[in-house]
Protein chains: 2
Amino acid sequence: MIESLHSPHVVRVKALLSSKKDRTESKLFIAEGIQGVREALLIEGEVETLYLTKSGTERMNKAGIDLSAVNVVEVSEKVADAMSDAITSQGIVAICRMMIQGAETLETLAASHVIYLNEIQDPGNAGTILRTADAMGISAVVTSPGSVDFYSPKVVRSTAGSLWHIPVYSGIEISELRKSLPTHNVYLLDGAGDKSLFDVDFKNPAIWIFGNEARGLKEGTEDLKGATRISIAMPGKAESLNLAAAAAIVMHEISRGR
Amino acid sequence: MIESLHSPHVVRVKALLSSKKDRTESKLFIAEGIQGVREALLIEGEVETLYLTKSGTERMNKAGIDLSAVNVVEVSEKVADAMSDAITSQGIVAICRMMIQGAETLETLAASHVIYLNEIQDPGNAGTILRTADAMGISAVVTSPGSVDFYSPKVVRSTAGSLWHIPVYSGIEISELRKSLPTHNVYLLDGAGDKSLFDVDFKNPAIWIFGNEARGLKEGTEDLKGATRISIAMPGKAESLNLAAAAAIVMHEISRGR
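What counts, and where the lines are drawn
- Residues numbered from 1 in each chain as written.
- Chains lettered and ligands numbered in written order.
- Predicted model: local features only at pLDDT ≥ 70, side-chain atom pairs only at ≥ 80, totals over all residues.
- Heavy atoms only, no water.
- Domains from an automatic or database assignment.
- Contact = heavy atoms within 4.5 Å.
- Buried area = accessible area lost by both parts, 1.4 Å probe.
- Salt bridge = Lys/Arg side-chain N within 4 Å of Asp/Glu carboxyl O.
- Helix = DSSP H or I, 4+ residues; strand = E, 2+ residues; numbered from the N terminus.
- Buried < 20%, exposed > 50% of the residue type's maximum accessible area, 1.4 Å probe, protein only.
- Polar contact = N/O pair within 3.5 Å; in protein donor to acceptor, adjacent residues only side chain to side chain.
- Nonpolar A, V, L, I, M, F, W, Y, C, P; charged D, E, K, R; others polar.
- Axes fitted to C-alpha atoms, helices over the stretch in contact; angles between N-to-C directions.
- Parallel < 35°, antiparallel > 145°, perpendicular 65-115°, else oblique.
- Left-handed = near helix turned anticlockwise from the far one by under 90°.
- Pairing = 2+ DSSP bridges.

Buried accessible area, meaning the area lost when the parts come together, often serves as the stated size of an interface. Residues and elements named next belong to chain A. Each domain of chain A was delimited in the assignment, giving domain 1 (8-97) and domain 2 (103-257). Relative placement of domain 1 and domain 2: their C-alpha centres are 30 Å apart. Listed as interface residues are 14 residues of domain 1 and, on the opposing side, 12 residues of domain 2. When the two sides are added together, the surface that domain 1 and domain 2 hide from each other amounts to roughly 1100 Å², 59% of it contributed by carbon and sulfur. By the criterion of area lost to domain 2, the three top residues of domain 1 are Phe29, Glu39 and Asp85, representing 41% of everything that side buries. Joining domain 1 to domain 2, the criterion identifies 3 salt bridges.

Put into structure tokens, the structure is as follows:
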């Protein structure tokens, strides 16, 4: 059992929690807690190392999770806390392998609605949108360069396990996505849009662009040529919707209308 | 201009930021930033004191906000940071008066759909749900005892100004709400519900109960007698939706179906 806070295991986990550079170079990231780790374990070879405290082990056993093929390392409660992004650990910490989707596979989404996140910054919003996309049966989520890292701990946690259910394409320019899916409609969520979400025909697959929470997409660029600005009806007094709330409304409509 | 970090103003603001007890006793709370404070100022007498830095004042002037009837106190950047819930302040900090809704006015919601939040804990979810309710023209949000304080800084911030648009009733038992609105349908959001959200008739006003993120409402209690469990269709692999995402989907349906 690892008990020393100076253990190289602790150093390694802390680095993967805090450094995007370390994650990107090693193609590894950290997942904590039973919900996420259980989903990760369903994918062969996804978990490189699983750190468990005594109570963490009990919880995994109680949930009926088979650990026979897993590289399990026992740790003390103190070490687990040091390895955790939260103040106290749940006693279950996994080093996982990134599931990197190559841009060459974008074409396989030819029959699917696709969510495109443009420069999304808030980790809670990002993770929640992925979770909702998973719930609504969306085939993939694509993010622009400059978006938050989906393998950072706060995003991983917010996905509530969905990170292992639905592919995420990172760092894809909208122009590249549009080239890969040339017959898709392109819709842009905009409070002052020309067309109501209620009037969209969902039978034809579309790219749905959700803009950065603070910055809008640049007008008049080639990237947005032929894109239709869609608005969600807002009869009340609020100026705008939280991005994850707006995305949930759109994805529910996609799911209903398909 | 207040420059000392030991000023009683700073002590007072910090107390209102951190202590629910202080807020409840004084019936005051803190709002920061231009979006919230602008909305607060639209209500006569709502802002007790407005602390502004030089740059905060410039931003208010630039936004065309009339400060002539407001008790403005100038503060240094350092004092504003000390008065802020965030790491650095936007230079705009207001002491606001709570807008307490008495339970005796619940009857006025007789023709309206009402959102009931049962033991909601997450401040981001709480604020986002209020913001969405405002956007969708919902008449009121009602919360149970044991819910997060809607006047705590993280919730106030997440409402993005909606706190001043739509009434919030706090600490109301579901039984009391049902007594005040006896002809309302009662719906409970439940992943394993009997009835689909798509099949609900929105013409009749209803109480929509959203449960605590971790704990469900107790089965078989008098409180839930005659309540229908409603499920949102989830064709994908996710186990459940984030509460604010689920609430947004429901409220959009209410808005559409009314």
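The next thing to look at is the side chain of Thr132(B). On the secondary structure map, Thr132(B) appears in helix α6 (residues 123-135). With a relative accessible area of 1%, Thr132(B) lands in the buried category. Discounting residues that sit within four places of it in the chain, Thr132(B) has contacts with Leu241(A), Ala245(A), Ala248(B) and Met251(B).

The next point concerns the interface of chain B and chain A. Of the residues lining the interface, 32 residues belong to chain B; the matching set on chain A comes to 32 residues. At the surface where chain B touches chain A, the tally comes to 4 salt bridges. The salt bridge involving Arg256(A) is made with Glu253(B); its shortest N-O contact spans 2.4 Å. Summed over the shared surface of chain B and chain A, the number is 16 residue pairs in polar contact (both at pLDDT 80 or more). At 7 residues, helix α9 (residues 243-257) of chain B tops the list of elements feeding residues into the side of chain B that touches chain A. For the side of chain B that touches chain A, the residue count by class is 13 nonpolar, 11 polar and 8 charged.

All names here are of chain A. Relative to each other, helix α6 (residues 123-135) and helix α9 (residues 243-257) sit at 15°, their axes nearing to 9 Å. Compared by their axis directions, α6 and α9 come out roughly parallel. Between α6 and α9 lies a crossing whose hand is right-handed. Along its contact with α6, which presents Asn125, Thr128, Ile129, Thr132 and Ala133, the element α9 presents Leu243, Ala244, Ala247, Ala248 and Met251. When the residues that make up the contact of α6 with α9 are grouped by side-chain class, the tally is 7 nonpolar, 3 polar and no charged.

This part is about the pairing of strand β4 (residues 92-97) of chain A. All names here are of chain A. Most of β4 is tucked away: 5 of the 6 residues are buried. Of the pairings in the sheet, the one linking strand β1 (residues 28-32) to β4 comprises 5 bridges and is antiparallel in character. The partner of Leu28 across the bridge, within β4, is Arg97. Sheet analysis places strand β2 (residues 47-52) next to β4, joined by 5 bridges and oriented antiparallel. Counterpart to Val47 in the pairing with β4 is Cys96.

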